[in-house]
Amino acid sequence: MFRETVLLFSVSLWAAANAATLPCVNNGKCGCDVKDPSKNNATVTTVDLNRVTSQDGTKPYFDAPGAGGYDYMINPCMPLDLGDPCNPKQEAMGCQVSKGNKYGIGRVDHLDWSMNNSVIQAHFQTDPSDKNARQTFLLIHCHEPGTGPDKPTLKFLTEGPGGHYWLDMELPDEYCKPVQPSKKTGTSSGLSVGSVILICLLVVIVLYLSIGMVFKKVRMGATGMEIIPNRDFWGGLPGLLKDGTCLIFGCCGTRDNYEKI
């Protein structure tokens, strides 16, 4: 029972850490604002895709070659005008093109944002009500001054089942500048969600051990190492944490290794 509890707890901590990732909020202007909850949801970075959009729909800003002889025409904020179905009527922001065949892979008006660590994701759909409809995921990397490319670049990464396309976008710092915090005195940032979880966890562990040790010594007459509650469990905790980490990050490898956990 303790083993399963630790594994479940490890997964819960991983989920909490992901939930605490800074959100990138759609600002309604074909961009997103990265918010920091520890700073009263202040905007710390703004990404603006209008700067990587051609105003001429017949000349998309990006043309990224992909697998199977396909090219990926991407114009994030203005509809393409490359012929049906990649036309303004379909609000197409992306088009998969090969030997005269064209497929719309996302609409300008079906855009949502997310963020994982330092990678911002722009997700364009052709039909949000249809999970099998073609979708495009732009993984946006914002570079510090003096690092990364001199101009915006787009590279095809992979195509997933059901017509899901991942492309990697590299942006110089001027395309997604950090927002400078206002200069205020006497202010301090609050604790993040992850910090609060860790503090609460440490308090619970200390109380559990303290109360358990007093109870076993006074009521059960335990001495030495025997006063530690569930001593065998705590002794095996490092191995359990290793198993939990393996389960989360997929280092189990084969099914046989997974079943050992």
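Residues numbered from 1 in each chain as written. Predicted model: local features only at pLDDT ≥ 70, side-chain atom pairs only at ≥ 80, totals over all residues. Heavy atoms only, no water.

Visitor: Quick question: what am I supposed to make of the state of the cysteines here?
Guide: In a disulfide, the sulfur atoms of two cysteines are covalently bonded to one another. What the rule picks out here adds up to 3 disulfides. Here Cys24 engages in a disulfide with Cys32; their sulfurs sit 1.8 Å apart. Negative torsions about the S-S bond denote left-handed disulfides, and the value of about 50 degrees found for Cys24 with Cys32 makes this one right-handed. Disulfide pairing places Cys30 opposite Cys77 at an S-S distance of 1.9 Å. On the sign convention where negative means left-handed, the S-S torsion of about -90 degrees between Cys30 and Cys77 marks this disulfide as left-handed. (Disulfide = S-S within 2.5 Å.)

Visitor: Explanation requested: the sheet that holds strand β2 (residues 31-36) in the structure shown.
Guide: Backbone hydrogen bonds hold the strands of a sheet together, and the pairing may be parallel or antiparallel. Strand order in the open sheet formed by 3 strands is β1-β2-β3, with antiparallel pairing between adjacent strands. Strands with a single pairing partner mark the edges of an open sheet, and in this sheet they are β1 (24-26) and β3 (42-48). When the angles between neighbouring strand axes are averaged without regard to direction, this sheet yields 30 degrees. Alignment of β2 against β3, held across 6 bridges, turns out to be antiparallel. The partner of Lys35 across the bridge, within β3, is Thr43. (Pairing = 2+ DSSP bridges. Helix = DSSP H or I, 4+ residues; strand = E, 2+ residues; numbered from the N terminus. Axes fitted to C-alpha atoms, helices over the stretch in contact; angles between N-to-C directions.)

Visitor: So what exactly am I meant to see when it comes to helix α2 (residues 193-220) here?
Guide: In an α-helix, one turn spans 3.6 residues, which is why side chains three or four residues apart end up on the same side. For α2, with 28 residues, the first-to-last C-alpha span of 39 Å sits near the 40 Å given by 1.5 Å per residue. Once α2 finishes, Gly221 follows within two positions and takes phi at roughly 70 degrees, a positive value. (Expected span 1.5 Å × (residues − 1).)

Visitor: What exactly am I supposed to notice about the pattern of salt bridges here?
Guide: If the charged atoms of two oppositely charged side chains come close together, the side chains can form a pair. Counted by the stated rule, this structure contains 1 salt bridge. The closest approach of N and O atoms between Asp109 and Arg107, which form a salt bridge, is 2.9 Å. For Asp109, a relative accessible area of 41% translates into the label partly exposed. Overall, Arg107 belongs to the buried group, its relative accessible area being 18%. (Salt bridge = Lys/Arg side-chain N within 4 Å of Asp/Glu carboxyl O. Buried < 20%, exposed > 50% of the residue type's maximum accessible area, 1.4 Å probe, protein only.)

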